[in-house]
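Single-letter residue listing:
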Amino acid sequence: MDPEEYGFGTLLAHFGEDEKLKGAVTPPIFQNSLFLFEHTEELLSSMSNMQGEPYHYSRISNPTLDIVENKLARLEGTESAKVFGSGMAALTTALISNVSQGSHMVVVDTAYGPVRTVLATWLKKFGVSMTLVDGRDPSEVIDAIRPETSVVYLESPSSILMRLQDIDAITAETRRRGIATVIDNTYNTPLHFQPAKHGVDLVCHSATKYLGGHSDITAGVICGSSKDIHRITRHEVNVLGNILHPFQAWLLQRGLRTLKVRLKAHEATANTLAAFVESRQEVEVVNHISLASFQQKELYSRLFSGSGGLFSFEPKVQDKAKIMEFCDSLKLFGRGVSWGGFESLVIPIHLTTIDDPTPRYVIRLYCGLEEPEDLVRDVEKAMRILS
Ligand SMILES: *Cc1c(COP(=O)(O)O)cnc(C)c1O
């Protein structure tokens, strides 16, 4: 199929699946660790190439993984992609592949917590330093760049507080200086934002969330140029072995087919619920990128074609017991980490930011595929606890 001719939903359903093995409508799972060759010469050549076909070992490549990697690359508008055993595996690999001793990174301070932990504790042991930035002002990001900076790390919207970065303004500078830009695009999915088209080098996802979409796998992906992905496969994946396994890749592929319809449903429900939450007097502020009141509304409209099912709000009451009771009393929102699946979730987060060091509670809500009215009623009942 010529991908230029078709839209997002059609690519999700069919791209890269022209070949039907024995007519099977879904691709089989290549559940094997190694591949055999007729001639030893071919085996040795495949081992030194470390690419897709001819395959020699599933730690390097496998046809089941190839299908989902090609589809994800096409959706993100990159030449290539590599899937991993989790989002963290993808993100840490993308970072590690761009630093050496003495490197410096510029990192958004509201990025996903464990990523900041990798940088602040683990990479620090190897002499890699970082500067945390608020990120909402691109000149602040650019000013933090030093001669030894090798990576600018972005997440837009950022975890929990949903702050945006002006990707075009930042990549104009990183491109000019030859600095790698890495982004966590988990929130948007390629349906709502394709960072590579705005100059980002490595676009990463926790595919555990929307891409998988059913809370039944952990997975991650890096999308980038063929050159970068091949380099990462050879130098990092080959030695770290942090790969996705064929059955999980097959489930990811199955989940992807419905990404568009699911995401549109999550988005509509979250827009309804966020508007309701914002209308309540118990609430100080709602952090949701598509609300008219959103601080960076102009940037949202310029860069994104939609929002998603995840948002947070800060209650006026900052009493821990009341916040726990609010979360406990919800019937349809499960108390749990993660998001992006079929089921609604709630979690309270106690946080500080570099622009506001006062610790405060925000409550993060994830809207699943339940009926929006049911979710609104559930939250409405619990709101009294926050008065
Ligand atoms: C969940 C998440 C990750 C980590 O992904 P895992 O698959 O859990 O390793 C990274 N970034 C964001 C924004 C996430 O929500």
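Residues numbered from 1 in each chain as written. Predicted model: local features only at pLDDT ≥ 70, side-chain atom pairs only at ≥ 80, totals over all residues. Heavy atoms only, no water.

Relative to the assigned elements, Phe311 resides in strand β9 (residues 310-315). Classification of Phe311 as buried rests on a relative accessible area of 0%. Each C-alpha atom, one on Phe311 and one on Glu380, is 16 Å from the other, the two residues being 69 residues apart in sequence. Apart from the residues within four sequence positions on either side, Phe311 is in contact with Met162, Ala270, Leu273, Ala274, Val277, Val286, Asn287, His288, Ile363, Arg364, Leu365 and Cys367. (Helix = DSSP H or I, 4+ residues; strand = E, 2+ residues; numbered from the N terminus. Buried < 20%, exposed > 50% of the residue type's maximum accessible area, 1.4 Å probe, protein only. Contact = heavy atoms within 4.5 Å.)

Moving on, we get to the domain arrangement of the chain. Per the domain assignment, the segments making up the chain are domain 1 (3-256) and domain 2 (259-386). With centres defined by C-alpha atoms, the gap from domain 1 to domain 2 works out at 27 Å. Counting residues at the interface gives 38 residues for domain 1, matched by 40 residues for domain 2. For the pair domain 1 and domain 2, the two sides together bury roughly 3300 Å², of which 63% comes from carbon and sulfur. Contact with domain 2 buries area across many residues of domain 1, yet Ile160, His192 and Tyr210 alone supply 25% of it, more than any other trio. The interface formed by domain 1 and domain 2 holds 4 salt bridges in total. Ionic pairing is found between Asp355 and Arg136, a salt bridge with its closest N-O pair at 3.2 Å. Our count for the contact surface shared by domain 1 and domain 2 stands at 18 residue pairs in polar contact (both at pLDDT 80 or more). At the level of elements, α1 (8-14), β3 (129-133), α7 (167-177), α8 (189-192) and α10 (246-256) are the ones that each hand at least two residues to the side of domain 1 that touches domain 2. (Domains from an automatic or database assignment. Buried area = accessible area lost by both parts, 1.4 Å probe. Salt bridge = Lys/Arg side-chain N within 4 Å of Asp/Glu carboxyl O. Polar contact = N/O pair within 3.5 Å; in protein donor to acceptor, adjacent residues only side chain to side chain.)

Another aspect to go through is the site of the ligand. Taken together, the neighbourhood of the ligand is formed by 14 residues, with Gly87, Met88, Asp184, Thr208 and Lys209 sitting nearest. Taking Asp184, its side chain carries an N or O atom lying 2.6 Å from a nitrogen atom of the ligand. Within the side chain of Lys209, one N or O atom sits 2.6 Å away from an oxygen atom of the ligand. Coverage of the ligand by the protein chains reaches 89% of its 380 Å² of free accessible surface. When each cavity is represented as a set of grid points, the ligand is found to reside in the second largest pocket. Tallying contributions element by element places helix α4 (residues 87-96) first for the shell around the ligand, with 3 residues. A class-by-class count of the residues in the shell around the ligand yields 5 nonpolar, 6 polar and 3 charged. (Near = heavy atom within 4 Å. Areas by Shrake-Rupley, 256 points an atom, 1.4 Å probe, with all protein chains shown as cover. 1 Å grid on protein atoms, 1.4 Å probe; cavity = no way out; pocket = protein on both sides within 12 Å on 5 of 7 lines; lining within 4 Å. Sits in = over half its atoms within 2 Å of the grid points. Nonpolar A, V, L, I, M, F, W, Y, C, P; charged D, E, K, R; others polar.)

Core analysis: the largest hydrophobic core is formed by 55 residues, its most contacted members being Leu72, Val83, Val152, Leu211, Leu252 and Leu256. Two domains share this core, each providing at least three of its residues, namely domain 1 (3-256) and domain 2 (259-386). Ignoring sequence-local partners within four residues, the contact set of Val83 consists of Leu65, Val68, Glu69, Leu72, Gly220, Val221, Ile243, Leu244 and Leu252. Judged by nonpolar contacts, the second largest core, of 27 residues, contains Ala270, Phe276, Val283 and Cys327. (Core = buried A, V, L, I, M, F, W, Y, C linked by side-chain atoms within 4.5 Å.)

Moving on: the sheet that holds strand β5 (residues 180-184). Here we have 7 strands laid out as an open sheet, ordered β1-β7-β6-β5-β4-β2-β3, and mixed in their pairing. Each edge of the sheet is formed by a strand with only one pairing partner; in this case those strands are β1 (80-84) and β3. Each strand of the sheet is rotated relative to its neighbour by a mean of 20 degrees, with strand direction disregarded. Across 5 bridges, strand β4 (residues 149-155) lies against β5 in parallel orientation. The partner of Val151 across the bridge, within β5, is Ala180. Relative to strand β6 (residues 202-206), α4 is tilted by about 160 degrees, and along the sheet it contacts β1, β2 (104-108), β4, β5, β6 and β7 (220-224). (Pairing = 2+ DSSP bridges. Axes fitted to C-alpha atoms, helices over the stretch in contact; angles between N-to-C directions.)

Let's shift gears to helix α14 (residues 372-383). In this model α14 runs 16 Å from its N-terminal to its C-terminal C-alpha over 12 residues, within 8% of the 16 Å that 1.5 Å per residue would give. Among all positions of α14, only Leu375, Val376, Asp378, Val379, Ala382 and Met383 are buried. Take α14 and look down its axis: the buried residues cluster within an arc of 160 degrees, on one side only. In the core, the buried residues of α14 are packed alongside α11 (259-278), β8 (283-287), β9, α13 (320-329) and β12 (356-366). (Expected span 1.5 Å × (residues − 1). Arc of directions from axis to C-beta.)

What follows deals with the pairing of β3. Sheet topology places β2 next to β3; 5 bridges connect them, and they run parallel. Note on β3: the bridge partner recorded for Met105 is Met130.

Among the secondary structure elements, Gly113 is positioned in helix α5 (residues 113-122). Through-space distance from the C-alpha of Gly113 to that of Glu343 is 23 Å; in sequence the pair is 230 residues apart.

Look at the link from Glu53 to Pro54: it is a cis peptide, with omega at -10 degrees. The topology assignment puts Pro54 in the loop between α2 (40-49) and α3 (63-76). Of note, the bond from Ser156 into Pro157 is cis; its omega dihedral lies within 30 degrees of zero at 0 degrees. Counting through the fold element by element, Pro157 comes out in the loop between β4 and α7.

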